[in-house]
Amino acid sequence: MIRVRCPGCQRPVEFENDKAGKAVWCPECGKGFRLPNIKPAKTAVKPAGPVLEKSAKGQAASPPVGVKQNDEWDDRSPYAVKEEPAPQQKEEEENRVSELVRRAERLKARERALAAVAKPGFFFKALATYCAVITVITFLVLSGDAILAAFKRKMHAEEIARQNADAFKQGGAPVAGKERDWPLSITERIFGEKTPYVVVQLALVGITAVHLVLLGIVITGAEKFRKFDSYNWVVAGCIVGTLVGLASAGAPVSLFYQIMSDSGMDVYQYLGKFLGALLTLPFPLMGLASLLVLSMAMRKDIKREFFWRPGQPITDMDEEEEEEEAEEDEEAEDEDDEEED
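Described in the following lines is the structure provided in the data block. Given the structure is predicted, the values throughout are model-derived calculations rather than measurements. (Residues numbered from 1 in each chain as written. Predicted model: local features only at pLDDT ≥ 70, side-chain atom pairs only at ≥ 80, totals over all residues. Heavy atoms only, no water.)

Looking at the pairing of strand E2 (residues 12-15)
Then, number 1: Covered by surrounding structure in E2 are Val13 and Phe15 only, the residues Pro12 and Glu14 on the alternate face being uncovered.
Then, number 2: Inspection of the sheet shows strand E1 (residues 2-5) paired to E2 by four bridges, in the antiparallel sense. Looking across to E2, one finds that arginine 5 is bridged to proline 12.
Then, number 3: Joining the antiparallel neighbours E1 and E2 is a turn of six residues, in which glutamine 10 adopts a positive phi near 60°. (Buried < 20%, exposed > 50% of the residue type's maximum accessible area, 1.4 Å probe, protein only. Helix = DSSP H or I, 4+ residues; strand = E, 2+ residues; numbered from the N terminus. Pairing = 2+ DSSP bridges.)

Here you go:
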């Protein structure tokens, strides 16, 4: 075996002897370099004894200083030929290389999973955000409608009171209450004509707050789904999104039904109901998107990404996957045995 140090990462790597003098690549950092040729060791003839020469004064000369064979330069040289390492050290190197290879494959699988959930997660979050914006707009419109309806009722009551005061001054009988000459508003149709204004506003605020909290859970679940952050948040967001979508599906269906069946509407009523149906249509679409995202999150290759982080050892994940596969194999064998019986 040829043991060298990579000139790029300075880590020791091993290659077979038949690759001597050929171009290779470092398995750690991928840098390419050429291995040195292995030259056969020359057998040195050892002299019988140290040769001592006498100087002109008759004193014996000092023996020659031997050259250190294992110089430190050999350890620093990236092309130094090393002896084959011990079995334990070799096993540790193989395990480390195997860990790096598994980690690279695991990261590629994570990238594929991220690419698979990118578009569904984006559209799911976009639908939930749109529904939240429409909820706020609807609250503002209904709140303004309630204010306008309360103002009209107040003006109508003041006009009747003024007429009664004029009749009382003239000594006549009080006039009969004048009936209202304008149609019911949206809030009056929902909450009733005689419902106080304060009760209508409190109901609108409460319904809007609950709706926004539920949509916030859906948006959080969509964001967690895109980043593989928390599986529980994803499941909660999908369940809430499905329930909100089913509960809100009645609005566009009812408006479209009124448009198709009621022929006595004027142009403004027709356009208002049609616009309302289009604005509320994304709510049931969000419910369908919640079911789609939930089905994707339950896939095995997607679900495991929620429970693994890039810094987590791959061996732990391999052991868990092996245990799951063993359990699945046992279940399959039990089913086969039951079918045979």
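Alright, that's what it looks like, and here's the rest.
Some words on the environment of alanine 116
Then, number 1: Here alanine 116 is to be found in helix H2 (residues 87-169).
Then, number 2: Overall, the relative accessible area of 31% leaves alanine 116 in the partly exposed class.
Then, number 3: Placed 110 residues apart in sequence, alanine 116 and arginine 226 show a C-alpha to C-alpha distance of 9.6 Å.

Here's the deal with unusual backbone geometry
Then, number 1: With phi around 55°, phenylalanine 228 is a residue other than glycine that occupies positive phi space.
Then, number 2: Take phenylalanine 228: it is sitting in the loop between helix H4 (197-227) and helix H5 (231-248).

So, empty space enclosed by the protein
Then, number 1: One pass over the full model with this rule turns up one cavity of 30 Å³ or more.
Then, number 2: When contributions to the lining of the largest cavity are tallied by element, the ones reaching two or more residues are H2, helix H3 (186-191) and H4.
Then, number 3: Of the residues assigned to the lining of the largest cavity, the class counts are five nonpolar, three polar and two charged. (1 Å grid on protein atoms, 1.4 Å probe; cavity = no way out; pocket = protein on both sides within 12 Å on 5 of 7 lines; lining within 4 Å. Points joined across faces, edges and corners; volume = space filled by probe spheres on them. Nonpolar A, V, L, I, M, F, W, Y, C, P; charged D, E, K, R; others polar.)

As for the environment of proline 27
Then, number 1: With respect to the element layout, proline 27 can be found in the loop between strand E3 (23-25) and strand E4 (32-34).
Then, number 2: Under the relative-accessibility criterion, proline 27 is labelled exposed at 52%.

What to know about a nonpolar patch on the surface
Then, number 1: A cluster of nonpolar side chains, contributed by Val267, Tyr268, Tyr270, Leu271, Phe274 and Leu278, occupies part of the molecular surface with about 650 Å² of accessible area.
Then, number 2: Note on placement: leucine 271 falls in helix H7 (residues 267-280).
Then, number 3: Residue leucine 271 is classed as partly exposed on the basis of its relative accessible area, which comes to 49%. (Patch = residues over 30% accessible without salt bridge, like charges linked within 9 Å, V, L, I, M, F, W, Y side chains within 5 Å. Areas by Shrake-Rupley, 256 points an atom, 1.4 Å probe, with all protein chains shown as cover. Salt bridge = Lys/Arg side-chain N within 4 Å of Asp/Glu carboxyl O.)

So, the layout of surface pockets
Where empty space is left becomes clear once a probe the size of a water molecule has been rolled over the atoms.
Then, number 1: Volume-wise, the largest pocket comes out at about 1400 Å³.
Then, number 2: Around the largest pocket, the lining comprises 43 residues; the ones closest to its centre are Thr138, Val141, Leu142, Ile186 and Ile190.
Then, number 3: Secondary-structure elements contributing two or more residues to the lining of the largest pocket are H2, H3, H4, H5, helix H6 (250-261) and H7.
Then, number 4: Counting residues per element, the lining of the largest pocket draws most heavily on H2, at eleven residues.
Then, number 5: Of the residues that constitute the lining of the largest pocket, the class distribution is 24 nonpolar, 13 polar and six charged.

Thoughts on the side chain of serine 230
Then, number 1: Secondary-structure assignment places serine 230 in the loop between H4 and H5.
Then, number 2: Discounting residues that sit within four places of it in the chain, serine 230 has contacts with Lys224 and Phe306. (Contact = heavy atoms within 4.5 Å.)

Digging into the nonpolar core
Then, number 1: Grouped together as the largest cluster of nonpolar side chains are 26 residues, with contacts concentrated most on Phe124, Phe225, Met286 and Phe306.
Then, number 2: Of all the secondary structure elements, the ones that give two or more residues to this core are H2, H4, H5 and helix H8 (282-297).
Then, number 3: What phenylalanine 225 contacts, discounting residues up to four positions off in sequence, is Val117, Gly121, Val234, Val293, Met296, Ala297 and Phe306. (Core = buried A, V, L, I, M, F, W, Y, C linked by side-chain atoms within 4.5 Å.)

As for the pattern of salt bridges
Note that side chains of opposite charge can pair when their charged atoms are close.
Then, number 1: Inspection of the entire model under this criterion finds nine salt bridges.
Then, number 2: For glutamate 223, the salt bridge goes to arginine 226, with nearest N and O atoms at 3.7 Å. Taken together, the positions of glutamate 223 and arginine 226, both in helix H4 and three residues apart, correspond to about one turn of that helix.
Then, number 3: Of the residues examined, glutamate 223 reaches a relative accessible area of 21% and is grouped as partly exposed.
Then, number 4: A salt bridge links lysine 224 to aspartate 229, with the shortest nitrogen-to-oxygen separation between them at 2.9 Å.
Then, number 5: Each of the salt bridges in this network shares a partner with another, and the network as a whole consists of Lys125, Glu223, Arg226 and Lys227.

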